[in-house]
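Chain and residue survey
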Amino acid sequence: MGGSLVLGEIRGIRIQVHYTWLIVFFLITWSLAAGVFPRLVPGLNTGAYLGLGAAGTVLLFGSVLLHELSHSLVAQRLGYRVRSITLFIFGGIAAMEAEVRRARDEVAVAAAGPVMSLGLAALFFVLGLAAPDPAAAALLGYSAYANLALAAFNLLPGFPLDGGRIFRGILWLAWHDFYRATDVASLVGQGIGWLLVAGGFFLALSGDILGGIWLAFIGWFLNNAAEAARTQANATRVFKGIRVRDVMDAYPRAVPPSMTVRQLVRDHILREGIRAFPVVEGDRLVGIVTVTDVRNLPEDEWEERAVGTVMTRMPLRTVGPEADLAAAVEVMAATGLNQLPVVADGRLVGVVSRASVFRLLQVRRELGAYRDEEADRG
Ligand SMILES: [Zn+2]
């Protein structure tokens, strides 16, 4: 996640805080200091409430971190690499290098977080009973409650929440079909997302405006994440077993860097209606030139300027011919590019475009071809 502050490293896992967490820090400190603690322990001064609010927020921060760390350490134990843990506005994310390979790994990794939160809730509860004064008891009691709420919320059965991951793992175990399990679990995730948005709306109407907006945003975020997971699982399923070389244009219209811009426009862009051309020297890819590059150049310079002076130079986003088509589609979706040069050992061997992927999808959909290929990923 961009805009993150690195706090340190635990067992090779980078621990970082996204700047949006600072907003949460102040909001929670303020709501604890102004609302929660004055109600729990009346009669203290403002400084004491602020101190309690900050302490409660730090304990919450530590609790979320331990929750994510618990997921991460179990994942590491099962042989997955975990790159980082990021705390951001809606909680924490542990970034694993790859998706889980087995259904029972999914269940174990997903359950580890809520188990940690439940354990922390019990610990804070017991410590609260033994607290020396009412302020400490309130702080520990609040932390117990916060961890309990964290576990309960995360156990909702909608993907990508922990409960939804456990749910997906169980469906995956039962059906031996990763994609169908993801489809169903993320649909439930979208449903829960919408319910939270509706709940937030009613909460706001009933007077708790900040809490309502907060809940609605969490619901919206969950709905988006679930939808993205479903789209990706479907794309992976549709493109399963298809390589970039199967769909690429193997004879792309490439141009040399020495060609003038006028010649490019007259003989290629206007004639062939193509918006982007790989630029090659011999058969080596050296850049890409697009309609936008040409438009940025005043027309009276088209005659004397060569393509090589206006193109976007290497390094470009490229794919290999043996790469999975799903990976190429992901890159195009993430970058907004309409085509990717296909390169093997620095040589241009083709171009894969959104148009060719779309054609493939259309034909396969018409034939209902991919339905027969649902497979067991476990
Ligand atoms: Zn979790």
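Rules used throughout
For every chain, the first residue of the written sequence is number 1, and numbering continues from 1 onward in sequence order. Local features in a predicted model are, by the rule used here, given only for residues with pLDDT of at least 70; side-chain atom pairs are given and counted only at 80 or more, and totals for whole chains, interfaces and linings are based on all residues. Excluding hydrogens and water, the side-chain figures rest on all heavy atoms present in the structure. In these notes, a set of buried Ala, Val, Leu, Ile, Met, Phe, Trp, Tyr and Cys residues joined through side-chain atoms within 4.5 Å is what counts as a nonpolar core. Exposed residues in this analysis have more than 50% of their type's maximum accessible area, buried residues have under 20%, and partly exposed residues fall in between, with area computed by a 1.4 Å probe over protein chains only. In DSSP terms, a helix is any run of H or I states spanning at least four residues, a strand is any run of E spanning at least two, and both are numbered starting from the N terminus. Domains are outlined according to an automatic or database domain assignment. A donor here means an N, O or S atom no more than 2.8 Å from the metal, or no more than 3.2 Å when the metal is Na, K or Ca. Since water is not included, a site may seem to lack partners. The contact definition used throughout considers only heavy atoms, calling two residues in contact when any of these lie within 4.5 Å. Any two strands with at least two DSSP-identified bridges between them are counted as paired. With axes taken as lines fitted to C-alpha atoms, and helix axes fitted only over the stretch in contact, angles between N-to-C directions fall between 0 and 180 degrees. Crossing chirality is assigned from the near helix's rotation relative to the far helix, an anticlockwise turn below a right angle marking it left-handed and a clockwise turn marking it right-handed. In this classification, Asp, Glu, Lys and Arg are treated as charged, Ala, Val, Leu, Ile, Met, Phe, Trp, Tyr, Cys and Pro as nonpolar, and every other residue, Gly included, as polar. Note on ring pairs: Phe, Tyr and Trp rings are taken, using the six-membered ring of Trp, and paired if centres are within 6.5 Å. Classes follow the plane angle, with under 30 degrees stacked, over 60 edge-to-face and the rest tilted.

1. Examining the nonpolar core
Among the nonpolar cores identified, the biggest contains 22 residues, and Ile15, Phe61, Leu65, Ile85, Leu87 and Trp172 are the most heavily contacted of them. Among the elements of the structure, β2 (13-18), α2 (46-77), β3 (82-88), α3 (103-129), α5 (162-175) and α6 (178-205) are those that each provide at least two residues to this core. When residues of this core are assigned to their parent elements, the largest contribution, 5 residues, is made by α2. Taken together, domain 1 (4-155) and domain 2 (174-238) each give at least three residues to this core, which thus spans both. Listed in part, the 20 residues of the second largest apolar core include Val244, Leu325, Met332 and Val342.

2. Structural notes on the coordination of the zinc ion
Every protein donor of the zinc ion is listed here as His67 (NE2), His71 (NE2), Asp162 (OD) and Asp162 (OD), and their distances to the metal cover 2.0 to 2.7 Å. In the primary structure, the donors to the zinc ion are separated according to the pattern H-x3-H-x90-D. Taken together, the residues His67 and His71, both in helix α2 and 4 residues apart, mark about one turn of the helix. For the pair His67 and His71, one class covers both residues: buried.

3. A few points about the environment of Val291
Along the chain, Val291 turns up in helix α10 (residues 291-295). Measuring from C-alpha to C-alpha, the distance between Val291 and Leu203 comes to 51 Å, with 88 residues separating the pair along the chain. Those residues within four positions of Val291 in sequence are excluded, and the remaining contacts are Ile269, Ile274 and Arg275.

4. Observations concerning the sheet that holds β2
Strand order in the open sheet formed by 4 strands is β1-β2-β3-β4, with mixed pairing between adjacent strands. Strand pairing shows two members of the sheet lacking a second neighbour, β1 (4-10) and β4 (91-96), which therefore form its edges. Averaged over all neighbouring strand pairs, the angle between strand axes comes to 20 degrees, with direction disregarded. Strands β2, β3 and β4 of the sheet are contacted by helix α1 (residues 20-40), whose axis makes an angle of about 65 degrees with β2.

5. With respect to the domain arrangement of the protein chain
For the protein chain, the domain assignment lists domain 1 (4-155), domain 2 (174-238) and domain 3 (244-371). A straight line from the C-alpha centre of domain 2 to that of domain 3 covers 36 Å.

6. Remarks on the packing of α5 against α6
Taken N-terminus to C-terminus, the directions of α5 and α6 make an angle of 145 degrees; their axes are 8 Å apart at the nearest point. Handedness of the crossing formed by α5 with α6: right-handed. Counting all contacts with α5, which are made through Gly164, Phe167, Arg168, Leu171, Trp172 and Trp175, the residues of α6 involved are Phe178, Arg180, Ala181, Thr182, Val184, Ala185 and Val188. Of the residues belonging to the contact of α5 with α6, the class tally is 9 nonpolar, 2 polar and 2 charged.

7. Concerning the packing of aromatic side chains
Throughout the structure, instances matching the rule amount to 8 aromatic pairs. Taking the centre distance of 4.9 Å and the plane angle of 75 degrees together, the rings of Trp21 and Phe61 count as edge-to-face. In this pair, Trp21 is assigned in helix α1 and Phe61 in helix α2, connecting sequence segments 40 residues apart. Across the pair, exposure class does not vary: Trp21 and Phe61 are buried alike.

8. Overview of the pairing of β2
Within β2, 5 of the 6 residues are buried, leaving the element largely enclosed by the surrounding structure. Sheet topology places β1 next to β2; 6 bridges connect them, and they run antiparallel. Opposite Ser4, over in β2, you have His18 as the bridge partner. Judged from the 4 bridges that link them, β2 and β3 form a sheet pairing that is parallel. Bridge pairing in β3 places Val17 opposite Leu87.

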